[in-house]
Amino acid sequence: LFGGWYDAGDYNKYTTWAAEYVITLSHAYIENPAAWGDDFNIPESGNGIPDILDEVKWGLDWLKKMQDATGNNSVLSIVGLSHKKANDTDASPPSSATGRSYYGSASTNATMSTAAAFAFASKVLKDANITGFSAYADDLKTRSENAWTWAVANPNVVFFNNDEARQPGSGGLGAGQQEPI
């Protein structure tokens, strides 16, 4: 799953934290839209969209990939490398890493956090009135409602990062726990 942001200089991408980043960046935009130009020297600079909203979309696109597309609408907890599995290597820069990625199963926390990010970003992007964002915002709203429905129906699903005793197969993947919120 390409996209999203790595956490703390390692090769893990946590759904709950990515959702928080999306919400924080969205708040920054709505607090002072005029402060955000299209010239912050990111790959999307110069496309007519404030770069901070390009970053919001970058995070949202990754979160969308983490949402189950088979119909249950839950959201995976983490993607990263497991340093306890043979032949898995990282690299610098991260884009040159060739090791396998591992995924943490869906959790209530990841799903609720993502529902919140989708809902808030939907409103922010719709209100920004930027060509092409209206349909994207509508999709986010639907995804948010679907994720919320799954989370309410599954209030205590936890993925235990790096905890073979409680989550077989998670050894070396992630750190800390994303408990139900």
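All of the points below concern the structure found in this document. (Residues numbered from 1 in each chain as written. Predicted model: local features only at pLDDT ≥ 70, side-chain atom pairs only at ≥ 80, totals over all residues. Heavy atoms only, no water.)

1. Considering the pattern of salt bridges
Summed over the entire model, instances satisfying the criterion amount to five salt bridges. Between Lys123 and Asp127 there is a salt bridge whose closest N-O contact spans 2.6 Å. With Lys123 and Asp127 both in helix H3 (residues 108-128) and four residues apart, this pair spans about one turn of that helix. Here the two residues Lys123 and Asp127 agree in accessibility, since each one is exposed. (Salt bridge = Lys/Arg side-chain N within 4 Å of Asp/Glu carboxyl O. Helix = DSSP H or I, 4+ residues; strand = E, 2+ residues; numbered from the N terminus. Buried < 20%, exposed > 50% of the residue type's maximum accessible area, 1.4 Å probe, protein only.)

2. Remarks on the nonpolar core
Ranked by internal contacts, the top residues of the largest apolar core, which has 27 residues, are Val22, Leu53, Leu60, Leu63, Leu125 and Leu140. Every element with two or more residues in this core is listed here: helix H1 (15-31), helix H2 (51-66), H3 and helix H4 (133-153). Sequence-distant contacts of Val22, that is, excluding residues within four places in its chain, are made with Trp5, Val56, Gly59, Leu60, Leu63, Ala117 and Ala121. Core analysis: the second largest hydrophobic core is formed by five residues, Tyr14, Ile78, Phe159 and Leu173 among them. (Core = buried A, V, L, I, M, F, W, Y, C linked by side-chain atoms within 4.5 Å. Contact = heavy atoms within 4.5 Å.)

3. Considering the sheet that holds strand S1 (residues 13-14)
Ordered by their spatial adjacency, three strands build an open sheet running S1-S2-S3, and the pairing between neighbours is antiparallel. Lying at the two open borders of the sheet, with one neighbouring strand each, are S1 and strand S3 (102-106). (Pairing = 2+ DSSP bridges.)

4. Considerations on H4
Given a rise of 1.5 Å per residue, 21 residues ought to cover 30 Å, and the 30 Å separating the end C-alpha atoms of H4 matches this to within 8%. Regarding H4, the residues found buried are Phe133, Tyr136, Ala137, Leu140, Ser144, Ala147, Trp150 and Ala151. End-on view of H4: buried residues confined to an arc of 140°, all on one side of the axis. Exposed and oriented more than 90 degrees from the buried face of H4 are Ala135, Thr149 and Ala153. Residues of H4 that are buried make contact with H2, S3 and H3. (Expected span 1.5 Å × (residues − 1). Arc of directions from axis to C-beta.)

5. Remarks on unusual backbone geometry
Trans peptide bonds make up the majority, and among non-glycine residues the majority have a negative phi. Not every positive phi belongs to a glycine, and Asn73 is a case in point at roughly 70°. Structurally, Asn73 can be placed in the loop between H2 and strand S2 (76-80). Backbone geometry places Asn129, a non-glycine residue, at a positive phi of 55°. Among the structural elements, Asn129 can be located in the loop between H3 and H4. Asn129 gets classed as exposed once you look at its relative accessible area, which sits at 69%.

6. Comments concerning the packing of H1 against H2
The interhelical angle for the contact between H1 and H2, taken along N-to-C directions, is 155°, at an axis separation of 9 Å. The orientation of H1 relative to H2 falls into the category roughly antiparallel. With respect to the hand of their crossing, H1 and H2 are arranged in left-handed fashion. Judged by residue contacts, Thr15, Ala18, Ala19, Val22, Leu25, Ser26, Ala28 and Tyr29 of H1 engage Ile52, Leu53, Glu55, Val56, Gly59, Leu60, Trp62, Leu63 and Met66 from H2. A class-by-class count of the residues in the contact of H1 with H2 yields 13 nonpolar, three polar and one charged. (Axes fitted to C-alpha atoms, helices over the stretch in contact; angles between N-to-C directions. Parallel < 35°, antiparallel > 145°, perpendicular 65-115°, else oblique. Left-handed = near helix turned anticlockwise from the far one by under 90°. Nonpolar A, V, L, I, M, F, W, Y, C, P; charged D, E, K, R; others polar.)

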